[in-house]
Amino acid sequence: MGRQSSPFTDPTRSLPFPKSHVTSPQSRTFHYVSIDDDKSPNRTVTAYEVLTRKMSNSVGHNLIQQHFLRPTVLEHQSKLKNSSGNSFCATACLNQSPAQPRKYKISTKFYGNTISEKKQKLAMERQRAAKFIPQAVLAAGPASEHLGKFDIDGNIELQVNASTISGAITQVNFRIMYSSDSLLLHWGGLRDRNEKWVLPSRQPEGTKNYKNRALRTPFVKSGTSSYLNLEIDDPRIQAIEFLIFDEARNKWQEEYEAARAELLEEVARGASVDDIRAKLTKRNGQENKETSIPETKNKIPDDLVQIQAYIRWEKAGKPNYSPEQQLREFEEAREDLQSELEKGVSLDDIRKKITKGEIASKVSKQLQKKRYFSVERIKRKERDLIQIVNKHVVKSMEESISVSVEPRPLTAVERFAKEKELDGSPVMNKIIYKLGEKELLVLVTKASGKTKIHLVTDFEEPLTLHWALSKMGGEWLPPPSNVLPHGSVSLDGAAESKFSTNSSADLPKQVQCTEMEIEDGNFKGMPFVLLSGGKWIKNNGSDFYVEFSPRFKQVQKDAGDGKGTSRALLDRIAELESEAQKSFMHRFNIASDLMDQARDTGELGLAGILVWMRFMATRQLIWNKNYNVKPREISKAQDRLTDLLQSIYTTHPQHRELLRMIMSTVGRGGEGDVGQRIRDEILVIQRNNDCKGGLMEEWHQKLHNNTSPDDVVICQALIDYVKSDFDISVYWKTLNENGITKERLLSYDRAIHSEPSFRRDQKDGLLRDLGHYMRTLKAVHSGADLESAISNCLGYRAEGEGFMVGVQINPVAGLPSGFPELLRFVLEHIEDKNVEPLLEGLLEARQELRPLLSKSSDRLKDLLFLDIALDSTVRTAIERGYEELNNAGPEKIMYFITLVLENLALSSDDNEDLVYCLKGWHHAISMCKNQSAHWALYAKSVLDRTRLALSTKAEWYQCILQPSAEYLGSLLGVDQWAINIFTEEIIRAGSAATLSSLINRLDPVLRETAHLGSWQVISPVEVVGYVEVVDELLTVQNKSYDRPTILVAKSVKGEEEIPDGTVAVLTPDMPDVLSHVSVRARNCKVCFATCFDPNVLADIQSNNGKLLRLKPSSADVVYSEVKEGELADSSSSTLKGDGPSSITLVRKQFVGKYAISAEEFTPEMVGAKSRNISYLKGKVPSWVGIPTSVALPFGVFEKVLADKANKEVNEKLQILKKKLGGGDFGILGEIRQTVLELAAPPQFVQELKTKMQSSGMPWPGDEGEQRWEQAWTAIKKVWASKWNERAYFSTRKAKLDHDYLCMAVLVQEIINADYAFVIHTTNPSSGDSSEIYAEVVKGLGETLVGAYPGRALSFICKKNNLNSPQVLGYPSKPIGLFIRRSIIFRSDSNGEDLEGYAGAGLYDSVPMDEEEKVVVDYSSDPLIIDGNFQKSILSSIAGAGNAIEELYGSPQDIEGVIRDGKVYVVQTRPQM
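Fair warning: this is a prediction, and the values are worked out from it, not measured in the lab.

Draft legend 1. Structural context of the overall build of the protein chain. Tallying secondary structure elements over the protein chain gives 44 helices and 51 strands in all. Expressed as a percentage of the 1472 residues in the protein chain, the buried residues total 56%. Partitioning the contacts of the protein chain with sequence separation of at least 6, the portion at a separation of at least 24 is 72%. Carbon and sulfur atoms make up 48% of the accessible area of the protein chain, which amounts to about 61,800 Å² in all.

Draft legend 2. Focus on the sheet that holds strand S24 (residues 500-502). Reading across from one edge, S18-S19-S20-S25-S24 is the order of the 5 strands in this open sheet, with antiparallel pairing throughout. Two strands in the sheet have a free side with no partner beyond their single neighbour: strand S18 (427-435) and S24. Along the sheet, successive strands turn relative to each other by an average axial angle of 25°, direction set aside. Across 8 bridges, the pairing between strand S19 (residues 438-447) and strand S20 (residues 450-457) is antiparallel. When the bridges of S20 are listed, Lys446 appears paired with Thr451.

Draft legend 3. Just the packing of helix H13 (residues 584-601) against helix H15 (residues 631-651), in detail. Where H13 meets H15, the closest approach of the two axes is 8 Å, and the angle between their N-to-C directions is 15°. When the interaxial angle is binned, H13 and H15 end up roughly parallel. By crossing handedness, the relation of H13 to H15 is classed as left-handed. Mapping the contact onto sequence places Phe584, Met585, Phe588, Asn589, Ala591, Ser592, Asp593, Met595 and Arg599 in H13 and Glu633, Ile634, Ala637, Gln638, Arg640, Leu641, Leu644, Leu645 and Ile648 in H15. A per-class count over the contact of H13 with H15 returns 11 nonpolar, 3 polar and 4 charged.

Draft legend 4. How the structure looks around the side chain of Asp1003. With respect to the element layout, Asp1003 can be found in helix H32 (residues 991-1009). A polar atom in the side chain of Asp1003 sits 2.9 Å from the side chain of Arg947. Beyond its immediate chain neighbours, meaning those up to four positions away, Asp1003 contacts Lys940, Leu943, Arg947 and Phe1092.

Draft legend 5. View of the sheet that holds strand S33 (residues 1040-1051). Judged by pairing direction, the sheet is mixed, and its 7 strands sit side by side in the order S31-S35-S34-S33-S32-S36-S37 without closing on themselves. The open sheet is flanked by strand S31 (1015-1019) and strand S37 (1117-1121), the only strands paired with a single partner. Going from strand to strand, the sheet's axes swing by 35° on average, the running direction of each strand aside. Alignment of S31 against strand S35 (residues 1087-1091), held across 4 bridges, turns out to be antiparallel. Residue pairing for S35: Val1017 is matched across the bridge by Ala1089.

Draft legend 6. Inspection of a positive patch on the surface at higher detail. On the surface, Lys196, Lys211, Arg213 and Lys929 cluster together into a positively charged patch. Summarising the element assignment, Lys196 is placed in the loop between strand S11 (183-190) and strand S12 (208-210). Note on Lys196: relative accessible area 67%, which makes it exposed.

Draft legend 7. Seen up close, helix H16 (residues 656-666). Counting buried positions along H16 yields 10 of 11 residues, so the element is predominantly enclosed. Of the positions making up H16, those classed as buried are Arg656, Glu657, Leu658, Leu659, Arg660, Met661, Ile662, Met663, Thr665 and Val666. Gly667, located one to two residues past H16, shows a positive phi value of around 95°.

Draft legend 8. Structural view of unusual backbone geometry. Of note, Arg619 is a non-glycine position whose phi angle comes to about 65°, a positive value. The class for Arg619 is partly exposed, based on a relative accessible area of 23%.

Draft legend 9. Here's a closer look at the nonpolar core. Trp612, Leu866, Trp921, Leu961 and Ile1437 are the most contacted members of the largest nonpolar core, which has 164 residues in total. Looking at this core, the element that brings in the most residues is helix H29 (residues 935-972), giving 16 residues. In this structure Trp921 touches Met894, Ile897, Thr898, Leu901, Ala939, Val942, Leu943, Thr946, Ile999 and Leu1002, once residues within four positions along its chain are discounted. Among the nonpolar cores identified, the runner-up in size contains 50 residues, and Leu1248, Phe1289, Val1305 and Leu1402 belong to it.

Draft legend 10. Just helix H6 (residues 302-315), in detail. Taking 1.5 Å per residue, 14 residues should reach 20 Å; H6 reaches 20 Å between its end C-alpha atoms and fits that length. Among the residues making up H6, those that are buried are Leu304, Val305, Gln306, Ile307, Gln308, Ala309, Tyr310, Ile311 and Trp313.

Draft legend 11. Spatial organisation of the pattern of salt bridges. A complete count under the given rule lists 71 salt bridges for this structure. Across the salt bridge formed by Arg202 and Asp233, the nearest N and O atoms sit 3.6 Å from each other. In this pair, Arg202 is assigned in the loop between S11 and S12 and Asp233 in the loop between strand S15 (225-232) and strand S16 (239-246), connecting sequence segments 31 residues apart. Between Asp867 and Arg660 there is a salt bridge; the shortest N-O distance is 2.4 Å. Of this pair, Asp867 sits in helix H26 (residues 860-880) while Arg660 sits in helix H16, and the two are 207 residues apart along the sequence. Comparing Asp867 with Arg660, the two get one shared label, buried. Residues participating in the shared-partner salt-bridge network are Arg380, Lys381, Arg383, Glu844, Glu848 and Glu902.

Draft legend 12. How the structure looks around the confidence of the model for the protein chain. Per-chain confidence: the protein chain averages 79 in pLDDT, with 77% of residues scoring 70 or above. Per-residue pLDDT stays below 50 along residues 396-406; that stretch engages in 20 contacts with residues further than four places along the chain or on separate chains. Predicted confidence for residues 553-557 stays below pLDDT 50, and this span has 12 contacts to residues more than four positions away or in other chains.

About the criteria used
- Along each chain, residues carry numbers from 1 onward, in the same order as the chain's sequence is written.
- Only residues with pLDDT of at least 70 are given local features in this predicted model, and only at 80 or more are side-chain atom pairs given and counted; all residues enter the totals for whole chains, interfaces and linings.
- No hydrogens and no water enter the side-chain calculation; it runs on all heavy atoms of the structure.
- Starting at the N terminus, helices and strands are each numbered in turn, a helix being any DSSP run of H or I of at least four residues and a strand any DSSP run of E of at least two.
- Relative accessibility decides the category of a residue: with a 1.4 Å probe and only protein chains considered, values under 20% of the type maximum give buried, values over 50% give exposed, and everything between is partly exposed.
- What makes two residues a contact is simply this: any of their non-hydrogen atoms within 4.5 Å.
- To be clear on the numbers: accessible area is Shrake-Rupley with a 1.4 Å probe, and residue cover counts the displayed protein chains and nothing else.
- Two strands make a pair as long as DSSP finds a minimum of two bridges between them.
- The axes are straight lines fitted to the C-alpha atoms, using for helices just the contacting stretch, and the angles between their N-to-C directions are given from 0 to 180°.
- If an angle is under 35 degrees, it is roughly parallel; if it is over 145, roughly antiparallel; if it lies from 65 to 115, roughly perpendicular; otherwise it is oblique.
- For any helix crossing, the convention is left-handed if the near helix is rotated counterclockwise from the far helix by under a right angle, and right-handed if that rotation is clockwise.
- Throughout this entry, Asp, Glu, Lys and Arg are counted as charged residues, while Ala, Val, Leu, Ile, Met, Phe, Trp, Tyr, Cys and Pro are counted as nonpolar. The remaining residues, Gly among them, count as polar.
- Polar contact is defined as a pair of N or O atoms within 3.5 Å, subject to the rule that within protein one atom must be able to donate a hydrogen and the other to accept it, and that residues adjacent in sequence are counted only when both atoms are side-chain atoms.
- Patches were defined on residues exceeding 30% relative accessible area and lacking a salt bridge, with like-charge contacts within 9 Å and nonpolar side-chain contacts (Val, Leu, Ile, Met, Phe, Trp, Tyr) within 5 Å.
- Every case where a carboxyl oxygen of Asp or Glu lies within 4 Å of a side-chain nitrogen of Lys or Arg is listed as a salt bridge.
- When charges are counted, Lys and Arg contribute as positive and Asp and Glu as negative, whereas His and the chain ends are disregarded.
- Where a charge lies is defined by one atom per residue type: Lys uses NZ, Arg uses CZ, Asp uses CG and Glu uses CD.
- Put simply, buried Ala, Val, Leu, Ile, Met, Phe, Trp, Tyr and Cys residues joined by side-chain atoms within 4.5 Å make one nonpolar core.
- A helix's residues, less one, multiplied by 1.5 Å, set its expected span.
- Values of pLDDT, which run from 0 to 100, indicate the predictor's confidence residue by residue.

What follows is the structure, given as structure tokens:
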């Protein structure tokens, strides 16, 4: 794996050339073209001088401004040889005065092999020659436009010409005789001899922006020559400075590093910046003398200065130092050592002090690699991001729920217990034990102060209960005689009671049972064993034990019906929890036993296991209770569970995200001595360090009884305590920050009472041994610990010292080449303050690991735990790096976003949308670097899409996990607060929360850069109303407010109705400007706006219930509180809906035809939608396509309904309509379903077939009866949409008679669109009739007019300049709809033609075939990335809109599609 130094340490970053172009003296030729001979000083400059000036300039001195790139005079030499042969530099001056014609001159600086002198040895023990090169200038005569012809490297000829064309435009022509086809011109313009290059806007085709500092234009190869023409139209540009180079032969990087090393060596030897500056500023003709280094400083060897500087840098957290800071660090390191010398410390003492450990080798490594105070970086491989897309088919939520909630039949034992529970007595405990294939249930209830214990089993052989009572765990006390069941026998310290049979008819089989009642409240539990046939039956080798107190904390709310969960599985978990809480061994074994059931249930089953394990990991469940278990038994149980998880991970790839989350809560585990070492090695610590009493002995006893993840925290707390020089507050701080309190330490079965107390002479030994022990603890408990995960995959062997004795773990086979080095790089930089290189290394490791995770292997879980650890480390590193972003520009923040997004995508199952967001961010960064005018606008669209993707992921977590958390949490008595925030905490623990934080930081920056402001005003109406905050507009759309109301809705999808009484809708959501709700708002004169600033929105929400005035403009909303009295004067005081309706519906009659062609479309037969499309045929320009159409006229639905074949359907429908009229609105869905039961009369089918075929449309029935049935179902769905909730309530609000609403159906062949659009020929936001507003989506238009999240591409276009569309916003819709060749049936009701009533979009248009949802990749879409294609398409859309508006003479609302670049219009209607 290659590595490179950080770009932040590169002193050439402010140069207009790439790093590799800053060269050592033997590297290049530089040319300059000028006309002002009198301004060109004679001057000789060296390449060494140029480099060192630029570096010393980083300290803050402007030396380079004085001499670098100035024109000079050439006295001879028109032909010189460039030693490297791969570059040529020049400046073309284009000065002119108003009174004089342009004069041109070319000047050159040749860096050749002219003068050489030996320098002193470098720190790397290498000698290097520095060459001093004279400059030269070649000037052409004032009258000549031929500027010169030059030979470079002997056989390369360059010719440069300049001329004036079109008045103010200067053309510079280049011709170079050279066989390479990889030549580039690296160039920029100069103004007023300012050395900073300006980048002309007029650029040849193929020109690229290089880091915003230069332009790069490729030469055009023709024969043996290459040509290039530049046109300069900026009169302020006086010169063109350029470098010609051959990319294929570029080898300057090493030479640059050598020159840089020379400068740093000067500093390391003691030269100050002033010394170097004095040396470099000697005038031409003077000798360069060696820098005088103070005698005292010469006493300090260079290697010690380097080491001291490195120590300073490492202590500072390895920051990325600038060149200025690097030089300063050398100076200050020398001062540190000089100060020590002045105190009398000898050089030998200094050397011993600062060169101990690995520090010297680290410094040596940095010097060898020429990386001075820079964090190493791995070089990431270029990958096609599509390769990380996961698209696994998961059963829909509805299917999962319907399967998962099927309850299994109760067993006989459970049925018996259920009957006992029905008497109303509070259940204190309920446990089911497995006795082979049989069950034993213990139920404890309490009523009137008496405790009753019921025992029931389906064991068939006669049973005897051998039992006692206890007042504390572990004791057997003889039961009092008054509590013994009939026939019991008292023994010494116990009693025996026989089970009796119960053959109730209500039970599926015979059971045995016994019960006892205890009044003495001092007894806390009952230990027991069973006796059958002379054999004792125990609980996995131990006594059974049941507690009388509540098994769980008091349940705070009813568990509910378990809807949305794998209820049967969760019930089983709750039954077994009492057994599970004995120890981790029990819990993990029970989880293993349940894995088959969880796997077979699917997503919700695995979610149930995750919720249970998460409750455990967050200490909401008891870890150990009355059970002594060996660590190796815990480790073995973990190993069994993780083996099962590994197996399911391989066979069920659609559930891998949930499985990873479960594994992260469980820990790695391992067979055999992996767990036993926990017991053994604590003894080694005690023995080695003479600490056998106090806390160490108490901890030893706890570890022997039951180890847990708490032990990792305790060990870390002890390490921190010892490191802090035995500061006890540090010990408690580590414990408390990780959730361990004094009370928790006391709650262990083997409690820890003592605080640590060690002697100072034990410090080194304790740190050593506790460090070793931490590795053992993490090997068992910490699935997400990076160091142990890496060790497990790379393998290790340890011997001696009592730790990991004889342990050998072999490396995982088949690791990628260079992967171990990559992981070691990660570990070396894990604590760096500058986290960027670490993040790159972590993600590169995850990418390298990814292919191995999809393959089955016996070591797969080791790789999974490594990937989980890498994922976790990315998150913590990002959080540590927030400070680095405080003053960062948008490009840096966007880069961090790509890193976090990549990490999230690598951890997600269904990640296609995330990957396309990632590609979008990479494109946004590229646009930003290239100074694209629209980079911020495009980045904002990617940000919005990323936000939507995060919202979708959060909704998935909420839907999958929260119902299980609530149901199981209630059953187990988990704290209510822990249940409420369960899903929120899951999200917070992942990359999604980190990503959300980053995009929130970037959002205001992008809005400001793109001039978007805080608002998008969709309907600018000034209003006064009372603020009401709601979650979703959908939930209140049918409500009527009795006072003017400003709704602040967190969610607006785009298809909702606006409630009566609403005067404004404000939302952070982003419905399309042309969505239904947007059109509705404008038509109803309701203020409608999106607020992008969460602080502004929160301020408005804080005014809930108050009266506000909203004054919107085209891009802002000003709001202020008003007094109650002002409401009466406001136009808002008149609520909509008062008074009689001014619009009416006219009932349409059947005209005798089931189907008609476009030529027959009349107002009596079809609506305006059909008539308009017929009218456009033959009248629009030829380049606008109009699809062929037929229609089912008004009255056809009623005629079909009246057909005798549909008599029963008709009768049922009339009954339902009567209920609807009575106010039973819930019946609407049943009405729609009833319409779908209609049968098609034969005459209807025949007429429709004839009309479609005669019009040239395909007949669905030709493809088989099933295809016709699909078409018939689609037609019925259009008719049924008359009873959509939104449509029905809309007519009620408008006081229209719903029975009079008639539905014609427009039938068209679907054009499988590349893009779909909606046009408003008058800008709806501003009301400007001189410009067209349009929105475009990828695929079919349903994503635009339907409630699909995200925004469309939007643009405006002036009608007098249709070839200059202006993009207002780029698309963020993640989904595009595509379809095969098919037929669409469009609603065309008489309710869509009414003036003053926005009926459009209320009713459904249904395609015969289902659309395919495709996740859209905008980063490869030519409409987004190809400027010429974009301009062509958008101009065509605007042109079609303008032509149709001129045809009708009024503003139009137009829908259409683009297919293969051609515009098709599918409908038009008057713009509302």
